[in-house]
There are 2 protein chains.
Amino acid sequence: VIEAAAQANTTPKPGAADPLFLRACRGERLERVPVWIMRQAGRYLPEYRALRERYDFLTCCRTPDLASAITLQPVDRLGVDAAILFSDILIPLSGMGVEVRFTPGPQLSTPIRNASDVAKLRVADARETTPFVLEAIRQLRGELPTHVPLIGFAGAPFTMAAYLVEGGGSRSFDAFKALLYREPRIAHRLLDLCTETVGSYLTEQVRAGAQAAMLFDTWAGLLSPDDVRAFVLPYAQRVLKTVSGIGVTEGCAVPTIYYGGESAGWLEDCRDLGAHVIGLDWRIRLAEARIRLGPHIVMQGNLDPAVLLGPADDIPRHVESVLRSANQGASGDSAWAAGGHIFNLGHGILPQTPPDHARRMVDAVREISMRPA
Amino acid sequence: VIEAAAQANTTPKPGAADPLFLRACRGERLERVPVWIMRQAGRYLPEYRALRERYDFLTCCRTPDLASAITLQPVDRLGVDAAILFSDILIPLSGMGVEVRFTPGPQLSTPIRNASDVAKLRVADARETTPFVLEAIRQLRGELPTHVPLIGFAGAPFTMAAYLVEGGGSRSFDAFKALLYREPRIAHRLLDLCTETVGSYLTEQVRAGAQAAMLFDTWAGLLSPDDVRAFVLPYAQRVLKTVSGIGVTEGCAVPTIYYGGESAGWLEDCRDLGAHVIGLDWRIRLAEARIRLGPHIVMQGNLDPAVLLGPADDIPRHVESVLRSANQGASGDSAWAAGGHIFNLGHGILPQTPPDHARRMVDAVREISMRPA
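Residues numbered from 1 in each chain as written. Chains lettered and ligands numbered in written order. Predicted model: local features only at pLDDT ≥ 70, side-chain atom pairs only at ≥ 80, totals over all residues. Heavy atoms only, no water.

### Points about the packing of helix α9 (residues 131–143) of chain A against helix α12 (residues 184–208) of chain A
Residues and elements named next belong to chain A.
Phase 1: The geometry of α9 relative to α12 is characterised by a closest axis approach of 8 Å and an angle of 30 degrees between their N-to-C directions. Viewed along their axes, α9 and α12 adopt a mutual orientation that is roughly parallel. The crossing of α9 and α12 is right-handed. Of the residues in α12, those in contact with V133, L134, I137 and R138 of α9 are Y201, E204, Q205 and A208.
Phase 2: Partitioning the contact of α9 with α12 into residue classes produces five nonpolar, one polar and two charged. (Axes fitted to C-alpha atoms, helices over the stretch in contact; angles between N-to-C directions. Helix = DSSP H or I, 4+ residues; strand = E, 2+ residues; numbered from the N terminus. Parallel < 35°, antiparallel > 145°, perpendicular 65-115°, else oblique. Left-handed = near helix turned anticlockwise from the far one by under 90°. Contact = heavy atoms within 4.5 Å. Nonpolar A, V, L, I, M, F, W, Y, C, P; charged D, E, K, R; others polar.)

See below:
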């Protein structure tokens, strides 16, 4: 099964069968800007809420039929250019020895606060501990239309460690940051364990058929640029290298995407991470991001999700502004799609978003980016 | 009384009597880098917690004897170069018609969500509604040593409006952002009312004797750079202009400081705000901030407060790194103090900080910045 999936996964030949989103990840020149939405499968959709009345969140994540059904929900409704597996970045923690409940925010059974807590953690082998994720991916590859590639994803090591230490969500993750500065060696050991776990988790998703691999480093922006270099980027880089590595040895090179929250202060450092695509929040103009990332990185983002709470008729104007900013930095070419840009929100879609507004955004990206710039 | 205070407030003649901190705000060349700490009077100090066992938070803010006693607590203990009035940015809300309780986070009696809510708000006249703040300032000017100037402060209009709409603290202020995009005209009316209130509040603090005026825009970073231009900066600029205006008409020019949270993506826009000093969080290197702010703005910041939770012996290394970054951008001069830099944390000191670590930071700034660079 693994070999077959790996084969299915091989970079397809150029032409109509090669999905727009994957060509965008490779930095190719395109007929229009592709678009998808972070958390496009989830709480803002009534069909998702209907399913959740019968099954709790973890059951949805752990049941391949449910996870794949939920993943498919937004694809036709929105007309997006990629699907992303319905799951949660904390799903691999169970395999490390930490149980997570969602109430609805995550609550961990035992926060990791010292050396002996860290010593009890295991590196999770994805095939043993999260086979349901791999099965959902295999199912989805049979169910998704060929022009809609499937993105697999994981939390980046730093963001996983943030939850492990804090024991749940937090505004400023003080306990986690205290550990980083008080006990940097313990923190690095924890980050190592997360790196191994995430590396296995994302690699196996690719082997199961995920056509792109995205690393979510939502909490990277907790630190100063120097400490991002110490605690955040080396670990993300290792995972990205591991995932890209299967491309070399198994002929299934997948594009990688790194999303770092609040990265405006250290964006230059994302150039050499090894990711094909850098996801950006809305706190920086794409024109500036392009200058700081250089010409070879594809940018993904970065409309403020709160814009979709405003009137539907205002959405195209905001979309155009993001497209224009992405294009402004494009060297010597005025076509929208030459900007090395995948349209997305700057963070996950808000649960209170009207689904029609999400559709309006997708349509606007399509329409505007096909017009002459 | 007002005239006398204004007189006392006039920019002093250069020389030994002219406090280091004020000379730093004016961009003068100094013998060392001055230092103070945001929230230096507060929960991390046992002498503050002892007072709070007898008086609740609002009583401390509203009683001049208590507010001034708390303001003085850290001055000798830490050896800082400035004092900042003990208060809270939400204190003026009561005069606008909204009561706030602290439990300990702020909870507003009635969140402002629509046009009729906004219509009920009043512009607060500081002399009528917050005389206790002005009285505390007058007392403090008699009690503080002359080399330790007193900073008055207020929340910036955008940050005040964020609390008014949300009804309290929040991670992402979704209700506030929804109002901005759904009802921009109502939002602008609310921001106008906050601007008038804050303008009066900060102006009267200066007239009462505050020697510098700081505007806290903690939540500015909620928005994209374009929306920061629409909703954040014009209002901050109006307040700063009003406060600077008293300098012109009443001969009591005070330095102004603007602190915008998560400003790395729109720092260039802070150049023309009219503030003498820009406060920065820890998410950007000061060397980069210097380039983007140009040579004429003084920078204040920006050590990550969590560093003070680590071992005391690590603190000087982190302090030196911030000093070095501030100096790196200084044009053609290698002395630390030529960098146009006031040392501070990048955000308020954390309540769990050992007071000795704060002292260690202050001492390190003093020692390192007096050494040849």
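### Description of the interface of chain B and chain A
Phase 1: With 37 residues of chain B at the contact, the number on the chain A side is 37 residues.
Phase 2: Both faces considered, chain B and chain A share a buried interface measuring about 3,000 Å² in area, 46% of it formed by carbon and sulfur atoms.
Phase 3: Our enumeration of links across chain B and chain A arrives at eight salt bridges.
Phase 4: The partner of R292 of chain B in a salt bridge is E288 of chain A, and the shortest N-O contact between them spans 3.8 Å.
Phase 5: Linking chain B to chain A there are 14 residue pairs in polar contact (both at pLDDT 80 or more). (Buried area = accessible area lost by both parts, 1.4 Å probe. Salt bridge = Lys/Arg side-chain N within 4 Å of Asp/Glu carboxyl O. Polar contact = N/O pair within 3.5 Å; in protein donor to acceptor, adjacent residues only side chain to side chain.)

### Section: the pattern of salt bridges
All names here are of chain A.
Phase 1: All chains considered together, the criterion is met by 46 salt bridges over all chains.
Phase 2: One salt bridge connects R207 with E204, and the closest N-O pair in it is separated by 2.9 Å. Of this pair, R207 and E204 both sit in helix α12, separated by three residues, roughly a single helical turn.

### A short note on helix α16 (residues 355–370) of chain A
Residue and element names in this part refer to chain A.
Phase 1: For α16, which comprises 16 residues, the first-to-last C-alpha distance of 23 Å matches the rise-based estimate of 22 Å (1.5 Å per residue) to within 8%.
Phase 2: All of the buried residues along α16 are P355, H357, A358, M361, V362, A364, V365, I368 and S369.
Phase 3: Residues of α16 that are buried in the fold lie against α3 (46–54), α5 (64–79), β8 (298–303), α15 (315–328) and β9 (341–345). (Expected span 1.5 Å × (residues − 1). Buried < 20%, exposed > 50% of the residue type's maximum accessible area, 1.4 Å probe, protein only.)

### Focus: the pairing of strand β6 (residues 256–260) of chain A
Residues and elements named next belong to chain A.
Phase 1: Of all the five residues making up β6, five are buried; the element is thus mostly covered by neighbouring parts of the structure.
Phase 2: In β6, alternate side chains face the same way, and those of T256, Y258 and G260 on one face and I257 and Y259 on the other are all buried.
Phase 3: Across five bridges, the pairing between strand β5 (residues 212–217) and β6 is parallel. Within β6, the residue paired with F216 across the bridge is Y259.
Phase 4: Bridge count for β6 against strand β7 (residues 277–279) is three bridges, and the pairing is parallel. Bridging across to β7, Y258 finds its partner in I278. (Pairing = 2+ DSSP bridges.)

### Some details on the environment of R182 of chain A
Phase 1: In this fold, R182 of chain A is placed in helix α11 (residues 174–182).
Phase 2: R182 of chain A has contacts with L309, G310 and P311 of chain B, leaving out every residue within four places of it along the chain.
Phase 3: Reaching out from R182 of chain A, the side chain makes a polar contact with the backbone oxygen of L309 of chain B at a distance of 3.0 Å.

### Considering the state of the cysteines
Residues and elements named next belong to chain A.
Phase 1: What the rule picks out here adds up to zero disulfides over all chains.
Phase 2: In this structure C60 is not part of a disulfide, and its nearest cysteine sulfur, from C61, lies 6.9 Å away.
Phase 3: Counting only cysteine sulfurs, C25 is the nearest neighbor of C270, a cysteine outside any disulfide, at a range of 16 Å. (Disulfide = S-S within 2.5 Å.)

### Overview of the sheet that holds strand β8 (residues 298–303) of chain B
Residues and elements named next belong to chain B.
Phase 1: An order of β1-β4-β5-β6-β7-β8-β9 is seen for the seven strands of this open sheet, with the pairing classed as parallel. Strands with a single pairing partner mark the edges of an open sheet, and in this sheet they are β1 (83–84) and β9 (341–345).
Phase 2: Here two bridges tie β1 to strand β4 (residues 150–155), and the two strands are oriented parallel to one another. Among the inter-strand pairings, A83 is bridged to a residue of β4, identified as L150.

### Describing the packing of aromatic side chains
Residues and elements named next belong to chain A.
Phase 1: Applying the stated criterion across every chain yields a total of 16 aromatic pairs over all chains.
Phase 2: Plain terms: the ring middles of F57 and F86 are 5.8 Å apart, the flat faces sit at 80 degrees to each other, and that makes the pair edge-to-face. Here F57 is found in helix α4 (residues 57–62), whereas its partner F86 is found in the loop between β1 (83–84) and α6 (93–96), with 29 residues between them in sequence. F86 matches F57 in its accessibility class, with the two residues each being buried.
Phase 3: In textbook terms, an aromatic cluster arises when at least three aromatic residues are bridged by ring pairs, as seen for Y48, F57, F86 and F102. (Phe/Tyr/Trp six-rings, centres within 6.5 Å; stacked < 30°, edge-to-face > 60°.)

### Description of the relation of the copies chain B and chain A
Phase 1: The transformation that overlays chain B on chain A combines an axial shift of 0.0 Å with a rotation of 180 degrees, and the residual RMSD is 0.0 Å. The transformation relating the two chain copies, once decomposed into turn and shift, fits a two-fold axis.
Phase 2: When the interface residues of chain B are mapped onto chain A, 100% of them again fall at the interface, so both copies present the same face. (Least-squares fit on C-alpha atoms with pLDDT ≥ 70 in both.)

### Digging into the side chain of T256 of chain A
All names here are of chain A.
Phase 1: Relative to the elements of secondary structure, T256 occurs in strand β6.
Phase 2: Looking at T256, its side chain comes within polar contact range of the main-chain oxygen of G274, at 3.4 Å.
Phase 3: Not counting chain neighbours up to four residues away, the residues in contact with T256 comprise A213, L240, V243, S244, G274, A275, H276 and V277.

### Here's the deal with the confidence of the model for chain A
Phase 1: Predicted confidence across chain A gives a mean pLDDT of 92, with 91% of residues reaching 70 or more.
Phase 2: Within the model, the stretch residues 1–16 of chain A combines pLDDT values under 50 with 25 contacts to residues more than four positions away or in other chains. (pLDDT = per-residue confidence, 0-100.)

### Brief notes about the packing of helix α5 (residues 64–79) of chain B against helix α9 (residues 131–143) of chain B
A pair of packed helices is characterised by two quantities: the angle between their axes and the separation of those axes.
Residue and element names in this part refer to chain B.
Phase 1: Viewed as axis vectors pointing N to C, α5 and α9 meet at an angle of 50 degrees, and their least axial separation amounts to 8 Å. When the axes of α5 and α9 are compared, the pair comes out oblique. Read as a crossing pair, α5 and α9 show a hand that is right-handed. On the side of α5, the interface is formed by P64, D65, A67, S68, T71 and L72, while α9 contributes F132, E135, A136, Q139, L140 and E143.
Phase 2: Broken down by class, the residue content of the contact of α5 with α9 amounts to six nonpolar, three polar and three charged.

### Concerning the sheet that holds β6 of chain A
Phase 1: A sheet is described by the order of its strands in space; here seven strands give the open sequence β1-β4-β5-β6-β7-β8-β9 (chain A), paired in parallel fashion. Only two strands of the sheet have a single neighbouring strand rather than two, namely β1 and β9 of chain A.

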